[in-house]
Amino acid sequence: MKSFLNGFVGKKVDVVCAGGISVSGQIEAIEADVLVLKDDEEKICYVAIDKITVVWETKDKSSRTGFIGGFSNRH
């Protein structure tokens with residue numbers, strides 16, 4: 001996963017982690033086993049790479065920055 005994420009440095013992504021927690025931002029760096037994301041407000045988020053379950057490149061740059069509401073199993 002770490003080598004895969006290196007190809008996204010400098011790009012905006014959405015990341016989903018174990019437990020359904022989602023974050024979004026530009027990948028600034030990968031340090032040790034931590035993904036460093038920065039949102040449009042210049043806030044930094046650190047994500048443990050081993051907790052990432054889904055990642056995709058974000059095309060929409062005007063919305064969905066920073067923390068995104070988690071997923072729920074309720075219907």
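To be clear, the structure that these remarks concern was listed above.
The residue numbering used here restarts from 1 in each chain and proceeds along that chain's sequence as written. Only residues with pLDDT of 70 or above have their local features reported here, since the model is predicted, and side-chain atom pairs are shown and tallied only from 80 upward, although totals for entire chains, interfaces and linings are computed over all residues. No hydrogens and no water enter the side-chain calculation; it runs on all heavy atoms of the structure.

With that settled, consider the side chain of D39. For the purposes of this entry, the term helix denotes a DSSP run of H or I that reaches at least four residues, the term strand denotes a run of E that reaches at least two, and both are numbered from the N terminus. Note that D39 resides in the loop between β3 (34-38) and β4 (44-48). Any residue under 20% of the maximum accessible area for its type is buried, any over 50% is exposed, and the rest in between are partly exposed; the area is computed with a 1.4 Å probe on protein chains only. Positive charges come from Lys and Arg, negative ones from Asp and Glu, while His and the chain ends are left out of the count. We define a salt bridge as a side-chain nitrogen of Lys or Arg found within 4 Å of a carboxyl oxygen belonging to Asp or Glu. Buried charge without a salt bridge: D39, with K43 as the nearest opposite-charge side chain at an N-O distance of 4.3 Å. Here E41 takes part through its backbone nitrogen, which lies 2.9 Å from a polar atom of the side chain of D39. For this analysis, a polar contact is any N or O atom pair within 3.5 Å, provided that within protein one partner can donate a hydrogen and the other can accept it, and provided that sequence-adjacent residues contribute only side-chain to side-chain pairs.

Now for the side chain of D14. Counting through the fold element by element, D14 comes out in strand β1 (residues 12-17). A distance of 2.6 Å separates a polar atom in the side chain of D14 from a polar atom in the side chain of S24. A polar contact of 3.2 Å, which involves the side chain of D14, links it to the side chain of T58.

The next thing to look at is unusual backbone geometry. Positive phi, normally seen in glycine, also occurs at A32, with a value near 55°. Among the secondary structure elements, A32 is positioned in the loop between β2 (22-31) and β3. A residue is classified by how much of its surface remains accessible, and A32, at 59% relative accessible area, is exposed. Phi angles above zero are rare outside glycine, and E42 is one such case at about 70°. Mapping E42 onto the fold places it in the loop between β3 and β4.

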